[in-house]
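Summary of structural features
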Amino acid sequence: MVKIEFLGPINKDNIEIDVKNLKQLKEILKKDESLKEWLELCAISLNDEMLFDENINFKDGDKICLLPPVCGG
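Owing to the predicted nature of the structure, the values given are computational and were not obtained by experimental measurement. (Residues numbered from 1 in each chain as written. Predicted model: local features only at pLDDT ≥ 70, side-chain atom pairs only at ≥ 80, totals over all residues. Heavy atoms only, no water.)

Regarding its fold elements, the chain presents 2 helices and 5 strands. What you see in the chain, going N to C, is helices and strands ordered as β-β-α-α-β-β-β. Here the C-alpha radius of gyration of the chain, 12 Å, is about what a compact globule of 73 residues would show, namely 11 Å. For the C-alpha atoms alone, the extent of the chain along its principal axes is close to 35 × 25 × 20 Å. With an accessible surface of roughly 5000 Å², the chain has 48% of that area assigned to carbon and sulfur atoms. Within the chain, one finds 10 positive and 15 negative side-chain charges whose respective centroids are separated by 4 Å. (Helix = DSSP H or I, 4+ residues; strand = E, 2+ residues; numbered from the N terminus. Rg over C-alpha atoms; globule rule 2.2 N^0.38 Å. Areas by Shrake-Rupley, 256 points an atom, 1.4 Å probe, with all protein chains shown as cover. Lys, Arg positive; Asp, Glu negative; His and termini not counted. Charge placed at Lys NZ, Arg CZ, Asp CG, Glu CD.)

Here we come to the confidence of the model for the chain. Do not read the predicted coordinates in detail wherever pLDDT is low. Here the chain shows a mean pLDDT of 91. Residues at 70 or above account for 96%. Between the elements of the chain, mean pLDDT differs from a low of 89, seen in helix 2 (residues 33-41), to a high of 97, seen in strand 1 (residues 2-6). (pLDDT = per-residue confidence, 0-100.)

Turning to the sheet that holds strand 4 (residues 49-50), a few remarks are in order. Strands pair in a sheet through their backbones, by hydrogen bonds, and they do so in one of two ways: parallel or antiparallel. The mixed open sheet is built from 5 strands, whose spatial order is 2-1-5-3-4. Edge strands, defined here as strands with exactly one partner in the open sheet, are strand 2 (15-17) and strand 4. Alignment of strand 1 against strand 2, held across 3 bridges, turns out to be antiparallel. Paired with Ile 4 across the strands is Ile 15, a residue of strand 2. (Pairing = 2+ DSSP bridges.)

To continue, consider the pairing of strand 5 (residues 63-67). With 4 bridges connecting them, strand 1 and strand 5 associate as parallel partners. Bridge pairing links Ile 4 to Ile 64 in strand 5. Across 4 bridges, strand 3 (residues 43-46) lies against strand 5 in antiparallel orientation. Within strand 5, the position partnered with Ile 44 by the bridge is Leu 66.

Next up on the list: the side chain of Ser 45. Of note, Ser 45 is situated in strand 3. With a relative accessible area of 5%, Ser 45 lands in the buried category. Not counting chain neighbours up to four residues away, the residues in contact with Ser 45 comprise Met 50, Leu 51, Lys 63, Ile 64, Cys 65 and Leu 67. (Buried < 20%, exposed > 50% of the residue type's maximum accessible area, 1.4 Å probe, protein only. Contact = heavy atoms within 4.5 Å.)

The following block contains the structure:
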C-alpha cells in the first residue's frame, strides 16, 4: 500500500491504495472525474522527491503527492 496525498486546491482526502508504479496509479486516478484535469497539470513526488519515471516501482509505505501548479514570488 502507498499513501496518496492531494495537495493545495485539489481538495481530496488522502487515500491508501495498492499500486505498483506511477503508470498504474494514473490509470486508477483517471477514473475519478474530479482528478482527470489535475493529473495533466500536477507534478508528482515520491517520498518528497520529484518523480519522472512512470515505471519506477513503489514500495509498501511509500508516500506519493500530487503537487498542483502554484504561482507566487
